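Summary of structural features
What follows is each chain in one-letter form.
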Amino acid sequence: MPANCLPYCKPIIAAGLLLGSAYALAATVDVRVEGIRDDAVETNIQGFLAIAKLEGNDSARPRAIRRLHRRAEQDIRDALRPFGYYNPVIRSELEPVDGGYTATYVVDTGPPTTLRDIRIEITGPAAGESALRERVQASRLRTDAELRHPLYKATKSAIQDTAFKLGYLDARFTRHRLAVDPAVNRADVELVLESGEAYEFGDIRIDQDILDPEFIGRYVNVREGERFDASQLVNLQLRLADLGYFDQVQVDANKDDAKNHRIPVVVRTTPRASQRYEAGVGYGTDTGARLTAGAEWRRLNRRGHQVDLSFQVSEVINTLTSQYLIPVGTVPGESVTFSAGAEDERLEDGERRTIRLEAARNWQLGDWYRRYYLQFLREDYELSDDQRLSILLTPGVSFTRTELSDPVFARNGWSAFYDVHGAVRDVLSDTSFLQSRVRLQGVLPVFSRGRLLLRAEVGGSWTEEFSDLPASERFFAGGDNSVRGYAYESLGPTDDEGRVIGGEYLLTGSVEYEQIIWRGMGAAVFVDAGNAGDAGIPEPVYGAGIGFRYRSPVGVIRIDVAHPFDDPDRAARLHIGVRAGL
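Attention in this report is confined to the structure presented alongside it. (Residues numbered from 1 in each chain as written. Predicted model: local features only at pLDDT ≥ 70, side-chain atom pairs only at ≥ 80, totals over all residues. Heavy atoms only, no water.)

Check the secondary structure of the protein and you find 8 helices and 25 strands. Relative to the 2.2 N^0.38 estimate, which gives 25 Å for 582 residues, the radius of gyration of the protein is 35 Å and therefore markedly larger than a compact globule would have. For the protein, the spread of C-alpha atoms along the three principal axes comes to 95 × 85 × 60 Å. Scored against the burial criterion, the 582 residues of the protein give a buried share of 42%. Relative to all contacts within the protein whose residues are 6 or more apart in sequence, the contacts with residues 24 or more apart total 56%. For the protein, the accessible surface area stands at approximately 30500 Å², while carbon and sulfur atoms represent 53% of it. Separation between the mean location of the 70 positive side-chain charges and that of the 85 negative ones in the protein comes to 10 Å. (Helix = DSSP H or I, 4+ residues; strand = E, 2+ residues; numbered from the N terminus. Rg over C-alpha atoms; globule rule 2.2 N^0.38 Å. Buried < 20%, exposed > 50% of the residue type's maximum accessible area, 1.4 Å probe, protein only. Contact = heavy atoms within 4.5 Å. Areas by Shrake-Rupley, 256 points an atom, 1.4 Å probe, with all protein chains shown as cover. Lys, Arg positive; Asp, Glu negative; His and termini not counted. Charge placed at Lys NZ, Arg CZ, Asp CG, Glu CD.)

Following this line, the structure appears as structure tokens:
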């Protein structure tokens, strides 16, 4: 070694020796717990065992391993106590192996601790409350049952939560004792809840000046003098927010402000803008390039009446729609609507021009959104060589329900839609028919970022003369949301020259797997099947393909390439669209 290197090399050599010495002292440990047959107990032991946290660490110090091994028996005893095992027999061994250690713990839990004397009592004004008595009787704390600490804590919380829900906000346990006698493996429980006086709702004030107080009062689900229930205030906040008139709704109710055990409620609101306007351009393979515009007047008067206007111009369909909405009932979303619209659509082998007038009553039926409607339709259409004018007056009813984990990008949930409507000849209609349609959709999570999408649609018409049905009341298949690989509404019965004229029946379905891969972008594979027919179950055609997905704030942007399988000479077809929720 050169002499001039010594002042610099010695510290480096010393550091290297120390580092090598540290690595030489490092070790690994393999932890084994044996004798436990209950998965929950074993999981708890693994969580308590400090030495188990060194598994997979190839730089653990032998001294730390031996220290944690010495405390392992106590860790196991602490882990067993919540399950009522106070007298376990534990054999432990730390055995050196190549490069580390194997720590083995053989556990005999011993006899379980069982419950002996149980006293659960409600004192004070709530002693006569049936809901509290039922809660106490529903407790699974029973004499001679095995002790489980989590069950004791859950029973205690459930009783107090029930008292709070009944308005006893001062309720507290004057006695809460779990006494264990390990010598005889027995335990005693004592829970005494003193309820205090019940609280009630006091004055209810809603701070807003955009709507008639009587109108907004219809949606207030709490009344002065009723028992105080915090969950009812959450419900009130959601109800007022769902009306669509407010940007923010804040509900304040402070027990410290109570007078004579009545708590005043103050609802503070921030109004939404009274008008909204929108315009946009887009493209979808079902519609082609499109221009859309819309306007919404959210409150024409202090009774909350609303007007919507929407307009769309595209390569396939042009629409103009207006709707006047009058809120009714006491549940947000219940309304009477009057609407008018005009449509001009270019079909695969024809076209139609439709004018609609409609009156509808909309309300909630449990978890279902129900809609009764009466629609007048005037349609001038041309299919094949058949050109007609049709007039129909169709009463109908529809039911809709949606349960999604997220309204924009759901990974779990489902939706259902059912509609039935019809007309009678000579009652402002030139034909008689009855038509029904069911649409089901579902989504299931797969792995951490994937989802399985399922879709099915079934429809059927019963009519005295099919040729009298206008194009809008016939069934067609094909397109972005039907059978991909085929053009929009290009599938269905045909005339003698092969032109699509639509059918009396519809059956379509789809299975799709979608995987988000990176930053909201992903891929999908899918198989679609279905068709429209004029007799019984339509003979299905199939399409399958792959797609690109991008998760945007407004929904999932979909770009699909699908191959149609009924005709090998057909080329694959591109489908572009945006889907929210499912």
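Continuing now.
Moving on, we come to the pairing of strand β10 (residues 275–284). Bridge count between β10 and strand β11 (residues 288–297): 10 bridges; the pairing is antiparallel. Among the inter-strand pairings, Y277 is bridged to a residue of β11, identified as A295. Count of turn residues in the β10/β11 antiparallel hairpin: 3 residues. (Pairing = 2+ DSSP bridges.)

Two side chains carrying opposite charge are able to pair once their charged atoms lie near each other. All chains considered together, the criterion is met by 45 salt bridges. With its nearest N and O atoms 2.3 Å apart, the salt bridge here joins R268 to D252. With R268 in strand β9 (residues 262–271) and D252 in strand β8 (residues 246–252), this pair connects stretches of sequence that are 16 residues apart. For D252, a relative accessible area of 27% puts it in the partly exposed group. For E343, the salt bridge identified is with R352, shortest N-O distance 2.7 Å. On the basis of relative accessibility, which here comes to 24%, the residue E343 falls in the partly exposed class. Salt bridges sharing common partners tie together R451, R455, R484, E512, E514, D528, R549 and D560. (Salt bridge = Lys/Arg side-chain N within 4 Å of Asp/Glu carboxyl O.)

Pairing is mixed across the open sheet formed by 3 strands, whose spatial order is β7-β9-β8. The open sheet has two free edges, formed respectively by β7 (200–207) and β8, since each of these has just one partner strand. For this sheet, the mean inter-axis angle between neighbouring strands, taken without regard to orientation, is 15°. Judged from the 6 bridges that link them, β8 and β9 form a sheet pairing that is antiparallel. Along β9, the bridge assignment pairs Q250 with R268. In this fold helix α8 (residues 230–242) packs onto β7, β8 and β9, with an angle of close to 165° to the strand it touches most, β8. (Axes fitted to C-alpha atoms, helices over the stretch in contact; angles between N-to-C directions.)

Now for helix α6 (residues 149–165). Given 3.6 residues to a turn, an α-helix orients residues that are three or four positions apart in the same direction. Under the 1.5 Å per step criterion, the end-to-end length of α6 is 24 Å for 17 residues, consistent within 8% with the ideal 24 Å. Taken residue by residue, α6 has H149, L151, Y152, T155, I159, T162 and A163 as its buried positions. Considering only its buried residues, α6 is in contact with β4 (114–123), α5 (130–137), β5 (172–181) and β6 (186–194). Positive phi appears at G167, one or two residues downstream of α6, with a value of about 100°. (Expected span 1.5 Å × (residues − 1).)

Packing of helix α2 (residues 39–48) against helix α4 (residues 72–80) brings their axes to within 8 Å, and their N-to-C directions diverge by 135°. One finds that α2 runs oblique with respect to α4. Every pair of crossing elements has a handedness; the one defined by α2 and α4 is right-handed. On the side of α2, the interface is formed by V41, N44, I45 and F48, while α4 contributes D75, I76, D78, A79 and L80. A class-by-class count of the residues in the contact of α2 with α4 yields 6 nonpolar, 1 polar and 2 charged. (Parallel < 35°, antiparallel > 145°, perpendicular 65-115°, else oblique. Left-handed = near helix turned anticlockwise from the far one by under 90°. Nonpolar A, V, L, I, M, F, W, Y, C, P; charged D, E, K, R; others polar.)

Here we come to the sheet that holds strand β3 (residues 100–108). Taken in spatial order, the 3 strands line up as β1-β3-β2 in an open sheet, and their pairing is mixed. Strands with a single pairing partner mark the edges of an open sheet, and in this sheet they are β1 (28–34) and β2 (89–97). Taken over all neighbouring pairs, the strand axes of this sheet differ in orientation by 15° on average, direction set aside. By the bridge criterion, 9 bridges tie β2 to β3 in an arrangement that is antiparallel. Its bridge partner being in β3, E93 is matched across the sheet by T104.

Note on placement: R298 falls in the loop between β11 and β12 (306–314). For R298, a relative accessible area of 7% gives the class buried. The residues touching R298, leaving out its near neighbours within four places in the chain, are G244, Y245, R272, A273, S274, Q275, R276, G304, H305 and Q306.

Relative to strand β13 (residues 317–327), β12 runs antiparallel, the two sharing 7 bridges. Bridge pairing in β13 places Q312 opposite T319. Bridge analysis of β13 against strand β14 (residues 335–347) gives 11 bridges, and the strand direction is antiparallel. The residue bridging Q323 from the neighbouring strand is S339, located in β14.

A full pass over the atoms with the stated rule returns 6 aromatic pairs. Ring geometry for F215 and Y245: centres 6.1 Å apart, planes at 75°, overall edge-to-face. Here F215, found in helix α7 (residues 213–217), pairs with Y245, found in the loop between α8 and β8; they are 30 residues apart in sequence, far enough to count as distant. By the burial criterion, F215 is buried, and Y245 matches it. (Phe/Tyr/Trp six-rings, centres within 6.5 Å; stacked < 30°, edge-to-face > 60°.)

Along the chain, the position of Y277 falls in strand β10. Separated by 18 residues in sequence, Y277 and A295 place their C-alpha atoms 4.4 Å apart. Leaving out residues up to four positions away in the same chain, Y277 has contacts with G294, A295 and W297.

All right, on to a positive patch on the surface then. A surface patch of like charges, here positive, comprises R61, R63, R66, R67 and R70. By the secondary structure assignment, R67 is in helix α3 (residues 62–70). Given the relative accessible area of 46%, R67 is considered partly exposed. (Patch = residues over 30% accessible without salt bridge, like charges linked within 9 Å, V, L, I, M, F, W, Y side chains within 5 Å.)

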